[in-house]
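Examination of the molecular architecture
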Amino acid sequence: MNEPGARSLRNVAVIANRGAGKTSLAEAILLTTGVIPALGSVMQGTTVSDFEPEEIHHRSSVSTCLLRCSWNHTTINLLDTPGALSLLGEAITALQAVDAVIVVLNPASGIRSELLRLWSHVKALRLPCLLFVNELDKESESMEELSAACRRDLEVTPLPMSSVLKEGGQWIGVLDFVNQAAIHSRHDTAKWQQQPLSADAEATASEARKRIHEAAAECDDQLLEQYLSGGELSQADVLRGLRAGVRAGTLVPLYAGSALKNVGTVPLLNAIVDLLPSPVERMQSQPVTGQDVEGAQVTRAMTPEAPFSGVIFKTIIDPFVGRLSYMRMWSGTLQADSLVYNASRKIKEKSGHLYQLLGKKHTAVSAAAAGDIVAIGKLKDTQTGDTLCDESHPIVYSWPNLPKPVLSFAIEPKSSADIDKVSLGLHKLIEEDCTLGFTRNADTKEMVLSGTGQLHLDLALEKLHRKYGAEVVIHTPKIPYRETIRATAQAQGKYKKQTGGHGQYGDCWLELAPSSRGEGFAFANRVVGGVIPRNFIPAVEKGVVEAMQHGTLAGFPVVDVKVAVYDGSYHVVDSSEMSFKIAASMAFKKAMEMAHPVLLEPMMTVEVEAPAAHIGAVIGDLNARRGRILHVEARGHAEIVKALVPLSEIMTYTTTLNSLTGGGGSYVMELARYDEVPREVAAKIVEEAKTSKHAVAAH
Ligand SMILES: Nc1nc2c(ncn2[C@@H]2O[C@H](COP(=O)(O)OP(=O)(O)O)[C@@H](O)[C@H]2O)c(=O)[nH]1
Ligand SMILES: [Mg+2]
């Protein structure tokens, strides 16, 4: 197979809100470029992109899909990303592999917070952008509104490049302003025809064309001079100006169409080739740098001859085919079945075959060159985010911070047959998805699965079942409460047993004192005169530490106490480590009860982002959850509230936030500290703990 040089390549991610039409647009592009003979449908689960069973089931993309097609002698790697807020990690990682984006706008849904979040990554990477307004087959009067939303929320002024073309009320195609042509589409098919404009269309198009020429001229000093002095700009001049503006990010062309009907894709494809940068041009305008071993910033030449480097931006593990790592090549050439160096982990790995992907279809290739995107088979220890490179020219590229898990389920294998499958399966799922977390909570002993939202966790469990045959029961995780004391107290623990022969004798006095929050546990030996022999002191400490595992209040671990042993007595024959351990444990429990024990709860710093119109409701709700509002600020069209909220009150917040904000809100949270539980709330927790198994085990 003839490999494209990096100059005739385009790597583009399609991003948008969920349901805007990304997958349908990708399908239309595949049809127009002749890759597929007919349009598949998202609703019927027959598109090339949405091939995973979960995508067919949910009728929506859940992971990034790599597609390959070609147009005007240019190869296009298209990444169709999921739009759902809780799957944003997939789209953010896809952005690391491309040189430009197409944003699909849907007049019905406008610009929602998921797109806004992604947009901040697009801006940070300074990726050029084309806009595609979809669903224009539906009656829609809101083009103006959409343009206003682009200016307000994305801070870009769209430049219309095409518009809907109607004849006798029927939609027959689009007007291509750049080429001053009518592109008649045969709906749902790949066939299209370029025709001269009718007189009516001519008026609309020439006005738009004037604006395009003006905009192109403004992007290039020489063109501006030519334009202002009354000179006509040639087609090549216009494209040159537009290209410069698009690459600088000052110009954002907007295309009209309908993905479902495959209308409007021709001007968009022309723009991908004519206006978006090749990998070589991207390196010139927005160079991608990595770090060498000394930590210095370095770049690599986007040529096949340069030392090889690339970043793994996605990993999939198929129970049958095995591991497949998707890589964006930043320099050099990689041969199939070769030894590669993972500079992020400083290990060498044998790579398997190399593949070009079209959805689930793999085509093996012998090598991949700078600028391209390929999948590598059988890398064992390489993870998403790692840099692979030539060992003699090590480089590590940066990797973005991905959304943190906010929602957790406690999971239990449904039956003993599921135990191994659950932990094996989850570990594999986490390798595929870095925004998923799986831990065994040391305090509560539960297996906890965490994700970025309800849909994210639902999908993880569906995959766990389908791919690894594991079934689990889920419930809200237990809150890892803790106990501490607020006063100083002293108590004696005396353990004395005379059961014939060898007896047992341990006796100690402990003093418990509160220490500052987060300081943990400290133990001191203040025994004088050898009333407890030195060799038994470690046993006393051990007894204390064991007693602290289950506090006297509700059986939760005790933290932030200073314990000192200061008196006691012993018996020459009967004293043993065991008897001092037991005595210490008795003394601790007695003293703790007298030391004003209190319950502590985890407090989370929660940052909620919601449309300004809903922020009042969000704040009211956070207050009702015993939250303390720390800060409110505006970010674009949204408002951000920062609050300190007890974990127990925000465990299942996703659903509430969704209903409070009509799906437009999102949040992140992390553990801030442990705070004392208010008395009335604590009483309930203590009561519950006493009746639960937890308490039984503790006492
Ligand atoms: N009427 C109409 N429906 C569309 C169009 N594009 C997509 N859809 C429908 O909108 C829904 C979401 O489309 P999809 O491509 O999955 O959106 P994605 O989530 O952005 O990938 C599907 O039911 C599509 O059939 C369009 O141009 N016109
Ligand atoms: Mg999709």
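Residues numbered from 1 in each chain as written. Chains lettered and ligands numbered in written order. Predicted model: local features only at pLDDT ≥ 70, side-chain atom pairs only at ≥ 80, totals over all residues. Heavy atoms only, no water.

1. Looking at the layout of surface pockets
What the largest pocket holds in volume is close to 1100 Å³. Around the largest pocket, the lining is made up of 41 residues, and of these Leu-85, Leu-88, Glu-114, Arg-117 and Ser-666 lie nearest the centre. When residues of the lining of the largest pocket are traced back to their parent elements, those giving at least two are α3 (88–95), α4 (113–125), α5 (143–154), α12 (454–468), β34 (597–611), α17 (653–661) and β37 (666–676). Looking at the lining of the largest pocket, the element that brings in the most residues is α4, giving eight residues. (1 Å grid on protein atoms, 1.4 Å probe; cavity = no way out; pocket = protein on both sides within 12 Å on 5 of 7 lines; lining within 4 Å. Points joined across faces, edges and corners; volume = space filled by probe spheres on them. Helix = DSSP H or I, 4+ residues; strand = E, 2+ residues; numbered from the N terminus.)

2. Here we look at the site of ligand 1
Around ligand 1 there are 18 residues in total, and Gly-19, Lys-22, Thr-23, Ser-24 and Asp-137 lie nearest to it. The separation between an oxygen atom of ligand 1 and a polar main-chain atom of Lys-22 is 2.7 Å. Taken by itself ligand 1 offers 570 Å² of open surface, and the protein chains cover 88% of this. Of the residues in the shell around ligand 1, the class split is five nonpolar, eight polar and five charged. (Near = heavy atom within 4 Å. Polar contact = N/O pair within 3.5 Å; in protein donor to acceptor, adjacent residues only side chain to side chain. Areas by Shrake-Rupley, 256 points an atom, 1.4 Å probe, with all protein chains shown as cover. Nonpolar A, V, L, I, M, F, W, Y, C, P; charged D, E, K, R; others polar.)

3. A short note on the sheet that holds strand β15 (residues 322–331)
Think of a sheet as strands paired side by side through backbone hydrogen bonds, with each pair either parallel or antiparallel. Spatially, the eight strands line up as an open sheet ordered β18-β17-β23-β14-β15-β22-β19-β20, and their pairing is antiparallel. Both outer strands of the open sheet, β18 (347–350) and β20 (361–365), are each paired with one neighbouring strand and no more. Taken pair by pair, the neighbouring strands of this sheet meet at an average axis angle of 40°, ignoring direction. Pairing between strand β17 (residues 339–342) and strand β23 (residues 387–389): two bridges, direction antiparallel. (Pairing = 2+ DSSP bridges. Axes fitted to C-alpha atoms, helices over the stretch in contact; angles between N-to-C directions.)

4. Quick word on the coordination of the magnesium ion (ligand 2)
Protein-derived coordination of the magnesium ion (ligand 2) comes from Thr-23 (OG1) and Ser-61 (OG), at a distance range of 2.0 Å. Separated by 38 residues along the polypeptide, Thr-23 in helix α1 (residues 22–32) and Ser-61 in the loop between α2 (53–58) and β2 (65–71) bring together distant segments of the chain. You can call Ser-61 buried: its relative accessible area is 9%. (Donors = N, O, S within 2.8 Å, 3.2 Å for Na, K, Ca; no water. Buried < 20%, exposed > 50% of the residue type's maximum accessible area, 1.4 Å probe, protein only.)

5. Quick word on the packing of helix α6 (residues 199–218) against helix α8 (residues 235–248)
Where α6 meets α8, the closest approach of the two axes is 7 Å, and the angle between their N-to-C directions is 60°. Of the possible angle classes, the one that applies to α6 and α8 is oblique. Between α6 and α8 the crossing geometry is left-handed. On the side of α6, the interface is formed by Ile-212, His-213 and Ala-216, while α8 contributes Val-238, Gly-241 and Leu-242. A class-by-class count of the residues in the contact of α6 with α8 yields four nonpolar, two polar and no charged. (Parallel < 35°, antiparallel > 145°, perpendicular 65-115°, else oblique. Left-handed = near helix turned anticlockwise from the far one by under 90°. Contact = heavy atoms within 4.5 Å.)

6. Side note on the packing of aromatic side chains
Counted according to the given criterion, the structure contains six aromatic pairs. When the ring of Phe-313 is compared with that of Tyr-326, the centres are 6.0 Å apart and the planes differ by 85°; the resulting orientation is edge-to-face. Taken as a pair, Phe-313 in strand β14 (residues 309–318) and Tyr-326 in strand β15 lie far apart in primary sequence, 13 residues in all. On the basis of an interplanar angle of 50° and a centroid distance of 6.4 Å, the ring pair of Trp-509 and Tyr-566 is categorised as tilted. Within this pair, whereas Trp-509 is found in strand β31 (residues 504–514), its partner Tyr-566 is found in strand β33 (residues 561–569), the two being separated by 57 residues in sequence. When the ring centre of Tyr-326 is taken as origin, the NZ or CZ atom of Lys-314, which lies over that ring, is 5.7 Å away. A cation sits over an aromatic face here: Arg-328 above Trp-330, 3.9 Å from the ring centre. (Phe/Tyr/Trp six-rings, centres within 6.5 Å; stacked < 30°, edge-to-face > 60°. Lys NZ or Arg CZ within 6 Å of the ring centre and 35° of its normal.)

7. Notes on the confidence of the model for the protein
Taken residue by residue, the protein gives an average pLDDT of 91. The fraction at 70 or more is 97%. Low pLDDT, under 50, characterises residues 694–699; the stretch is placed with nine contacts to residues that sit more than four places away or in other chains. (pLDDT = per-residue confidence, 0-100.)

8. Observations concerning helix α11 (residues 419–432)
Between its first and last C-alpha atoms α11 spans 21 Å; for 14 residues at 1.5 Å apiece the expected length is 20 Å, and the two agree. Among the residues of α11, Val-422, Gly-425, Leu-426, Leu-429 and Glu-432 are the ones counted as buried. Projected down its long axis, α11 shows its buried positions confined to an angular sector of 115°, all on one face. (Expected span 1.5 Å × (residues − 1). Arc of directions from axis to C-beta.)

9. So, unusual backbone geometry
In this structure, Asp-337 takes a positive phi of about 50° despite not being glycine. When its relative accessible area of 38% is taken as the criterion, Asp-337 is described as partly exposed. Residues other than glycine seldom take positive phi values, yet Asp-560 does so here, at roughly 55°. For Asp-560, the location among the structural elements is in the loop between α13 (537–548) and β33. Classification of Asp-560 by relative accessible area gives buried; the value is 3%.

10. Regarding the state of the cysteines
Per the stated rule, a full pass over the model turns up zero disulfides. Not part of a disulfide, Cys-69 finds its nearest cysteine sulfur in Cys-65, a span of 12 Å. With no disulfide of its own, Cys-434 lies closest to Cys-65 among cysteine sulfurs, the gap being 18 Å. (Disulfide = S-S within 2.5 Å.)

11. Digging into the environment of Asp-507
Among the structural elements, Asp-507 can be located in strand β31. Taking relative accessible area as the criterion, Asp-507 reaches 5% and is therefore assigned buried. Considered as a pair, Asp-507 and Tyr-495 are 12 residues apart in the sequence and their alpha carbons are 6.2 Å apart. Reaching out from Asp-507, the side chain makes a polar contact with the side chain of Gln-492 at a distance of 2.8 Å. Polar contacts involving the side chain of Asp-507 include one to the side chain of Ser-569, which spans 2.5 Å.

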